[in-house]
Amino acid sequence: MKIEGVFTFNGPRPVVWSVLRDVNILATAIPGETTLKPISDNEYEGTIKLKIGPVSGLFAGKLTVADEVPPESCTLIIEGKGGAGFAKGTGHIQLIELPDNKTQLKYIGDLGIGGKLASVGQRMIDSVAKSMIKGGFEKLEKEVANRL
Amino acid sequence: MEKKFLGQRIKRNEDPRILTGRAKYMADITYHNMLHAAFLRSDYPHAKLNSVDISAALEIPGVIAVYTAEDLGDLWHPGPVLVPAPHSIPGIKANSRTQIPIVKDIIHHQGEVIAMVVAENRYIAEDALAVIIVDSDPLPAVENIEDALKPDSPLVHEELGTNLATYVRQERGNFAEIKTKADYVLQQRFVMDRGGAGAMENRGFCANWEEDSQQLTIHCNTQSPSGLRNSMAAWFGIPEQRVRVVVPFVGGAFGPKVMTNQPEEVLCTFASIKLNRPIKWLEDRSENFIGTTAERMQVHDCEITFNKDGKVLGIRDSFLYDTGAFNPYTATIPLNTQTHTTGLYNIPVFLTEFTSVFTNKMIVSPVRGAGRTYGVFVMERMLDMVARQLDQDPTYIREINLIPADAKFPLETGIIAQDFAQFVLDSGNYPAVLKKAKDMIGYDDFKKNIQPKLRAEGKFIGIGLVLFTENTGVGPYEGAKITVGNSGKVFASSIYGTQGQGHFTVFAQIVADQIGCRVEDVIVETGDTDKFAWGTGTFASRGATVLGNAYHHTAKLVRAKILATASRLFNVPEDELELGDGVVRIADVPEKFIKMGDLATKANPMRGTIKPGTEPGLEATGFYAPPYGATAYGAAAAILEVDPISFNIKFHKFVFVDDCGTVINPMILDGQLHGGIQMGIGNSYFEKLVYDENAQLLNGSLMDYLIPRATDMPSKMEIGHLNTPSPLNPLGIKGVGESGTIPIPPLYCQAIEDAFNLPGLFISEVPLSPSVVYQLVENAKSKKQGELL
C-alpha cells in the first residue's frame, strides 16, 4: 500500500530536523502504547500495541532511520511482528523550507501488512495509517513549538 | 417397477431432529477427558522457516502439549495424491506436489500450519499460540498466474524449476484448419474467479485413540468418511477395521470437505495417539478463509469461428488455472471445464488446452459447480458475441447451434472427463429446454412489448437466457446394506456422507418402494464406517444417481429374500405374494398376511433350523457402478433491473429449467436448485477472495467477503422440469446438486448488458459487483460507436 502526504510545521527546518532526529523524541511519535527504546543513534527496538478495527495485539517492533541528509531528508523503516500478523513500512521524508519560518514535511512510502492484520483489518488500514501518521506529526509539532 | 413413493413430494424424515435443535453437529461432540487443539498458522504466503520457539507456550497452565514438525518424526511426509492426473491423455505434463501436515522448512501459503497447541480448552490453546515465537524470512511470493509462468518468476516449489502444475491439450477435429474456412473469427479474453464454499459450519475433527482396544474413533464433518478412514489408517499404520469414522449432521460442505489427509486431521490423530486422549478441533471462520480450500481464478484466451448464418464451426479455448500451493486434487476442476465448454451445442471442432499453475495461495478443491461453471461461462459469452456480431437474438444463435432433439444418443464428445472416461452426452432434449425456458420467462413478449416501454420510462431492465450441461453421477461406485428388522423397521446403511441433501428421505423412498413399507419406517444411516464399509464419497452430484441406484438394487435383493421366505412360510408361489403397508400378503386373500417384522424374526430363528444353503435374516448388500456420468442439463433465464444509482440488482422474474431425469422428490429437488442458484448469485455479484500482489488475502472475514443475503435473491424462483431418464442406470436418475450454481454468471452478464443496451458494453470478467458494473458502464459510454468489445 502506498502512503503519501504532507504536514506543515510552524518552525524552521533545522529545528524540525533536530526534533525528528532526537532519539528521545522520535519514539514518542509512534502512536499506541509503545516501549520503543533507542539502541543506537538511529535504531529503536521494543513493542508497539496496535488496534486496527477488530484486530489488536502486541507487536515486536523495530524502527530504523536511514539515508540521512541533514537537515533535508531521511528514510524511516518500521517493522512489526506479532500474533495478529506483521507490518513493514518504509517512508521517505523530505523537509522543505517555506516562507515565514515554516517547514513542509513531505512523505512517501510503502506499507506492507500480512496475516490477520491484512485479511481482517484491510478495510480499516488506510484510514488508521493516515490518522496514526497525522497523530505522530502533531506530537512532533508540539516539541517543535517547545524549542522555539 | 413399483413407484409408490418415487417422485412424491414427501416431507423430509430428518427435519424434525434438525428443526427442533436435536441434531448433533461437530460442536456437540464431546468426551469427558477431551482436549482441544489450536493451530499456529503462517502469516507469510512464502517464507523460509528458521525456528519456532514454543517455550513460553509450554509454561501456560492448562497447555498439555505443543507440537512442531520435528515431533512427527517418520509421520512427517507429504500426503497422498487424492485424484491422479489423467495420464491417458497424450502429451500431458503433470507435476504433483501434495500438502505436508506441518511446515518444516518452507512456508508455501498463508495459513499453513506451523505449530499445534493441545490444551484443556480452546481459550488456553489460543492464548498459547500468541506466545509462540516464529523466526522466518519472507520470500518473494507467486500471486499472478500469468506472471507465474514467466522465466523470471519466483518459484513455489524451487526444485521443480517451474510453476507449471498440469498441462492438458484435447482436440476434437482440427481447429487450425476450420479457422481458415469460417466467415468470422472472434477472439476474446475471459477471466473468471470463484471463491470459497462458505458453508455455515466450518470444518471440525475429533480423534479418539483408545490404547486398550487399539481403536481409533474419528468424528468429522467430512464428505468422504471412507476416504478419511482409509487415509488415517494408512498414515498411522492401523487396520481400516480399527478406524471408525462417524459423521454427525453437517452444516453444509459444497466441496472443500471432500479433502482428506488435511493437516489438522493428521495432527489431531497424531496427538490423540501420543497423549491417549480425545482431541478436538473446530475450525474458526478466519482459519476457514486461509487454511481450508477454495476455488480459484481461470484466465481464458478464446476464439470462436462461425459462418454468416450463425452456425458455429469451431472453438479454441486456452486457459490458465490457479491451483494454489499444492495440487492433491490434480486436474478435476480444469477437466470439468474442458468437458462442459461446448455442452449441449453442436460444435464440430473444439480445441481446449489448460495450464494449471502453482501459486503461493491456499490450495484449491472443487466447490459446487467444480470447474463446469468456467466452461459454461466462456461458451455462453462467446455465443453472445456471435449474436452481437450478426445482430441476431442470443436465443436464436443458441437455437440453431443446439444438438437436435432427434440426435442419436449417446453422443461421444471425444473429450476426457474428470472420471478419466470420455465425456458422453447420455440423453436429452436440448431444444425443448430452450423452448420451455423461453416460454416460462415470456422471452418474446418481454423483448417485443414490455422492454421497449420500460426503456422509454428510463429503466435499466434486461433479459438473459443461458444453457448448460452437468456431467453428474460419476463412478467409481457406491454400495449399501439393507436389513429388515424384527420391529418391521428397515435399516438402510451406506458410508456416504450427507450434508443436508435430504438423503434420509430420498433413499428411504427408493427402499420403501421395493420393500413395501412406509417411507418413515426406513431408517437411513449415513457416514458411519462401522455400519457399512464400502464407498467413495459425496461429490460430483452423484448421491441420488450412484447411491440411489445402489439402494434400489440392494432393496430388490432384500425383496427377493422377503418373497422367498414368505413363499416357504405360506407355501404359495412367489408370484402370488404382494408387498405393501409393511406386510406380505397373499394376493386375493387379504386376511392371509404376515407383518414384515414377524417375517424377519422367522427368517432369523433363535432355535430350530433354517433351510440349508440359505442365509439368515432379510438382509442384503449391493453395489452400483456407472459406466460414465449421466448428463443433466438445463437453462436459466432472468429479467433483472439495475438500479442506476446503487447498481444493485433486482430480479423481476427468475426461471430455472432442469432435466435431471427421474425425480425422486420434487420438493427436495427444488431446494437443491434454490441453494445452487444462491451460490451462483454469490459467484456472479458478491463473492471474491481478494489477494494483494504478495498473495496476502485481504478479505478474510464475512465482514468483507460478501455472501448474498435473502434480500439479494429473486423473491420467487420458478422451476420447470423436463424428465429424460438416463439410459445408464435402472432408475433413470441424473444428478442435480450443482446445476443451480453453474449457469448464473453468464446469465448476469447477458441480462446486465441487455439492461444498459450500450454497444460498447461487453462483460468478460466475473465476479461482478456494483462498482465493477458502474465502471464498465462508464467506460462503455465513453467508447465510440462501432467499438464493440
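As the structure is a prediction and not an experimental result, all values here were calculated from the model.

Rules behind the numbers
Residues numbered from 1 in each chain as written. Chains lettered and ligands numbered in written order. Predicted model: local features only at pLDDT ≥ 70, side-chain atom pairs only at ≥ 80, totals over all residues. Domains from an automatic or database assignment. Contact = placed C-beta atoms within 7 Å. Helix = DSSP H or I, 4+ residues; strand = E, 2+ residues; numbered from the N terminus. Nonpolar A, V, L, I, M, F, W, Y, C, P; charged D, E, K, R; others polar. Pairing = 2+ DSSP bridges. Axes fitted to C-alpha atoms, helices over the stretch in contact; angles between N-to-C directions. Parallel < 35°, antiparallel > 145°, perpendicular 65-115°, else oblique. Buried ≥ 20, exposed ≤ 12 C-beta atoms within 10 Å, placed from the backbone. Arc of directions from axis to C-beta.

Turning next to the domain arrangement of chain B. One frequent convention defines the size of an interface as the accessible area lost when the parts assemble. Residues and elements named next belong to chain B. Domain annotation of chain B identifies domain 1 (15–22 + 475–624) and domain 2 (407–474 + 629–789). Here the C-alpha centre of domain 2 lies 39 Å away from the C-alpha centre of domain 1. Each partner contributes residues to the interface: domain 1 has 16 residues there, and domain 2 has 19 residues. Those elements that place two or more of their residues in the side of domain 1 that touches domain 2 are helix 15 (503–515) and helix 16 (543–570). Among the residues making up the side of domain 1 that touches domain 2, the classes are represented as five nonpolar, ten polar and one charged.

A word on the interface of chain A and chain B. Across the boundary between the two partners, chain A contributes twelve residues, which contact 15 residues of chain B. Counting only elements with at least two residues in the side of chain A that touches chain B, the list comes to strand 7 (85–98), strand 8 (102–114), helix 3 (116–119) and helix 4 (122–147) of chain A. Here the side of chain A that touches chain B is composed, by residue class, of three nonpolar, seven polar and two charged.

On to the pairing of strand 2 (residues 47–53) of chain B. All names here are of chain B. As paired elements, strand 2 and strand 7 (residues 133–138) share six bridges and run antiparallel to each other. When the bridges of strand 7 are listed, Ser51 appears paired with Asp135. Inspection of the sheet shows strand 2 paired to strand 5 (residues 106–107) by two bridges, in the antiparallel sense. Opposite Ala47, over in strand 5, you have Ile107 as the bridge partner.

Bringing the packing of helix 16 of chain B against helix 17 (residues 596–603) of chain B into the picture now. Between two packed helices, what matters for the description is the angle formed by their axes and the separation of those axes. Residues and elements named next belong to chain B. Contact geometry of helix 16 with helix 17 gives a least axis separation of 10 Å together with a crossing angle of 80°. One way to sum up the angle between helix 16 and helix 17 is to call them roughly perpendicular. Listed contacts from helix 17 to Ile562, Thr565, Ala566 and Leu569 of helix 16 are Leu599, Lys602 and Ala603. Its residues placed into classes, the contact of helix 16 with helix 17 shows five nonpolar, one polar and one charged.

So, about helix 17 of chain B. A turn of α-helix holds 3.6 residues, and therefore any two residues three or four places apart point the same way. All names here are of chain B. Three or more residues of helix 17 are buried, namely Met596, Gly597, Leu599, Ala600 and Ala603. With its buried residues spanning 160° around the axis, helix 17 presents them on a single face. The elements touched by buried residues of helix 17 are strand 20 (478–484), helix 16, strand 24 (583–586), strand 25 (589–595) and strand 26 (618–624).

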